[in-house]
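# Inside the fold
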Amino acid sequence: MFRVRRRLSLFLSISAFLSTLPCPTNVKAQDLVATEDVAGGSSVFVFRESRKRPQARSAGGRAILGEGIGGGGAQGRSARSNAQIAAAAQKRRLAAIAARKRAVAIAAANRKVKLSNTLTTKAEGFLDNNQTDTAITNYRDALVQNPKNSRASEGLSNALTAKGIETAGETNNQSALVYFNEAVKFDKQNDVAYAKIGAIYDAIGQKDKATVNYEKALAINPEYTMLYPPLGLLYLDAGEIAKAETYLRKSDAAGLDTVETRFLQGVLHFKNNQNPDALAAFDRALELNSRSAEALYYRGQTLDRMGQPDQAIAAYKQTLVIAPTFGPASFDLGVNYYNKGDYQNAAVAYQNAVQIDPNNYQAHANLASTYRQMERFPEANAEYKLASVGIKNPDLYSEWGYCLGKTNEWDKSVVRLKEASDMSPSAVDNSNVGWAYYNSGNSQTAEKNDAAARADYELAKSYSQKATEQDPKLDAAYLNLGSTHNKLGEFQLAVSVLKTALGLRSNWVIATNQLGLGYRGMNDLVNAVATFKQVVNLDGNNTFGLFNLGESYYASGNKKEAKKINDKLKKLDPSLAATLDSVISGKVLIDATKQKIEQKVPKVPRVPF
């Protein structure tokens, strides 16, 4: 029966394939599912949320430490605490000198002890003269002679600390860690070494280790008030708001008013959604240091929250001028441009974000969506692939499947859309799988792979049918199902399903055109003509509706009206009009008795959308 139907509808394949071309009608969002579909001519894809749903900013409220709160970020904070640390180191040296004098008086008579003490005395002299390396050597020799020489142990710890401070410099070079770590092994109470270890880890972004060592330094020496702000920021970054607030209070009690304390106050307000207060605090921080990249960045996030996207964009751009590798600012700049519909600038911002951090998978995903909006589908597919390394969710695979379809990679499109459906077996996802199989069938038909095409159409029917059962109000699923019935020659079923689609969305040009094809397949020329006239009334520039109307007029014997329609078609699409003219002029012969159609015009390449 199917083979008979195929022969009966051979001529109709002209209309059917034309209906798979891009339809000029702008399809609006359906009412009951917050999605927007993209017309595929005879089938539609439904975005899981919205084709233009706003993108989300980076995790606002997380303190991005290390880019430059006060001239160099964590390094800037550490530099300002260096003076206080140096003073504490001097205090320890003075205490050591006093202890030295007491120890000399009670030196042991043992020869090794005496030698150890002698070496210790020499080491102390070298250290006093800032000959740190020689002092370290002598302290080590002293401990070889007498491992219990506490005076040598403490002295070596001080010497190693001095060497570490020299090596760390103002930038807290991490190569100094080896000296500080050894220093605390020889003296567990070396607060200076712990403070410097914390400062170095803070500078290189190892925040947990920075916190632990800052806390050890404060436990030994509570006078390190300059450690309060960085500790507050570290706790804030770890999400421990209560501890962050505690250190802000301690900073206030110590009379500290720095760019760090103001920034900390701003981020705490930001965390509590106190946006005007947060903005005021960030502005105050910028008064102390106008080049504080982090304060500028959070100022931008606060402005975003307050509904001032243009001012936020300006803040992000200023952040990147000061700190070009500040990835979160570039990411959020892309978000703002995307949400404004400025896809060109959004693409530039996201390209910068992934260059800064190639493992920022959300930036790759957002860049892919941006390329999708710009209809740069091959580039979108490449970015979706990169994003999929770190993101496994149905939204990404659904968008990716759509873009693969737009590059005619229907086998890959099916795979991705089925992955989305496996993750979230919703009506929308199953409808989209049906959309991909339908277009894959069209592609196989174009390659004359009839068996493969039929298999794809059967799968399209199965998924579309499942979607209608899951959501009886999903109009896209009914359209895809109806179009598939037409492809399979199941015209009566197509008419029934397409009427349901039009009941859900009236005056839907794509569905109306497919309904006309269903009537035409049933040889119900009266309803076919009436339906195609409705298509043309809804959209006078719908070239496929005009073609189908003209052909149906001719099939019903009204050659005069067919020619009128073709005259209109010539103004819009001369190539398509030439095909219709071939029908009207008899180059396509219709045997009404046997219902056989022989097409004698050249085949027009099929576009599977």
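Residues numbered from 1 in each chain as written. Predicted model: local features only at pLDDT ≥ 70, side-chain atom pairs only at ≥ 80, totals over all residues. Heavy atoms only, no water.

Another point: the overall build of the protein. A tally of regular secondary structure across the protein gives 30 helices and 4 strands. Residues counted as buried form 53% of the 609 residues belonging to the protein. Contacts in the protein between residues at least 24 apart in sequence constitute 58% of all its contacts with a sequence separation of at least 6. Approximately 26,400 Å² of the protein is accessible, and the part contributed by carbon and sulfur atoms is 51%. (Helix = DSSP H or I, 4+ residues; strand = E, 2+ residues; numbered from the N terminus. Buried < 20%, exposed > 50% of the residue type's maximum accessible area, 1.4 Å probe, protein only. Contact = heavy atoms within 4.5 Å. Areas by Shrake-Rupley, 256 points an atom, 1.4 Å probe, with all protein chains shown as cover.)

Y139, Y224 and L396 are the most contacted members of the largest nonpolar core, which totals 112 residues. Take this core: its biggest share by element is 8 residues, from helix α8 (residues 191-203). Apart from the residues within four sequence positions on either side, Y139 is in contact with T120, A123, E124, L127, A152, G155, L156 and A159. Counting residues in hydrophobic clusters, the runner-up holds 40 residues, among them V46, V428, L502 and I584. (Core = buried A, V, L, I, M, F, W, Y, C linked by side-chain atoms within 4.5 Å.)

This paragraph deals with unusual backbone geometry. Backbone geometry at N130 places phi at a positive 60°, although glycine is not the residue there. Counting through the fold element by element, N130 comes out in the loop between α4 (111-128) and α5 (132-145). The class of N130 is exposed, set by a relative accessible area of 61%. Of note in the backbone geometry, N523 takes a positive phi value of approximately 65° without being a glycine. Relative to the helices and strands, N523 resides in the loop between α26 (509-521) and α27 (525-538). Given the relative accessible area of 37%, N523 is considered partly exposed.

Turning next to helix α9 (residues 207-220). Between its first and last C-alpha atoms α9 spans 20 Å; for 14 residues at 1.5 Å apiece the expected length is 20 Å, and the two agree. Residues of α9 that are buried include every one of K207, A210, T211, N213, Y214, A217 and L218, and no others. (Expected span 1.5 Å × (residues − 1).)

Under the criterion given, the structure shown has 17 aromatic pairs. Ring geometry for F270 and Y298: centres 5.4 Å apart, planes at 90°, overall edge-to-face. You can see F270 sitting in helix α12 (residues 259-271) and its partner Y298 sitting in helix α14 (residues 293-305), a full 28 residues away along the chain. Here F270 matches Y298 in class, with each residue buried. Ring centres of Y297 and F326 lie 5.1 Å apart, and the angle between their planes is 35°; this geometry places the pair in the tilted category. Of this pair, Y297 sits in helix α14 while F326 is found in the loop between α15 (309-322) and α16 (327-339), placing the two residues 29 residues apart along the sequence. Y297 gets classed as buried once you look at its relative accessible area, which sits at 1%. (Phe/Tyr/Trp six-rings, centres within 6.5 Å; stacked < 30°, edge-to-face > 60°.)

Along the chain, the position of S585 falls in the loop between α30 (574-584) and β3 (589-591). Take S585: its relative accessible area is 47%, and that puts it in the partly exposed class. For the pair formed by S585 and K563, sequence separation is 22 residues and the distance between their alpha carbons is 9.9 Å.

Our focus in this paragraph is the layout of surface pockets. Estimates place the volume of the second largest pocket at around 420 Å³. Residue lining of the second largest pocket: 24 residues in total, with F331, Q362, A365, N366 and I391 positioned closest to the centre. At the level of secondary structure, the elements contributing two or more residues to the lining of the second largest pocket comprise α16, α18 (361-373) and α20 (394-406). Considering only residue class, the lining of the second largest pocket consists of 8 nonpolar, 9 polar and 7 charged. (1 Å grid on protein atoms, 1.4 Å probe; cavity = no way out; pocket = protein on both sides within 12 Å on 5 of 7 lines; lining within 4 Å. Points joined across faces, edges and corners; volume = space filled by probe spheres on them. Nonpolar A, V, L, I, M, F, W, Y, C, P; charged D, E, K, R; others polar.)

Before going further, it helps to spend a moment on the packing of helix α7 (residues 177-186) against α8. Relative orientation of the contacting elements α7 and α8 amounts to 145°, with a least axis distance of 9 Å. Between α7 and α8 lies a crossing of left-handed hand. Of the residues in α8, those touching α7 at L177, F180, N181, A183 and V184 are A193, Y194, K196, I197, I200 and Y201. Residue composition of the contact of α7 with α8, by class: 9 nonpolar, 1 polar and 1 charged. (Axes fitted to C-alpha atoms, helices over the stretch in contact; angles between N-to-C directions. Left-handed = near helix turned anticlockwise from the far one by under 90°.)

The interhelical angle for the contact between helix α28 (residues 543-555) and helix α29 (residues 559-572), taken along N-to-C directions, is 160°, at an axis separation of 8 Å. Considered as vectors, α28 and α29 are oriented roughly antiparallel to each other. Seen along the crossing, α28 lies across α29 with a hand that is left-handed. Here α28 contributes T543, L546, F547, L549, G550, Y553 and Y554 to the contact with α29, which in turn contributes K559, E561, A562, I565, L569 and L572. For the contact of α28 with α29, the class distribution of residues is 9 nonpolar, 2 polar and 2 charged. (Parallel < 35°, antiparallel > 145°, perpendicular 65-115°, else oblique.)

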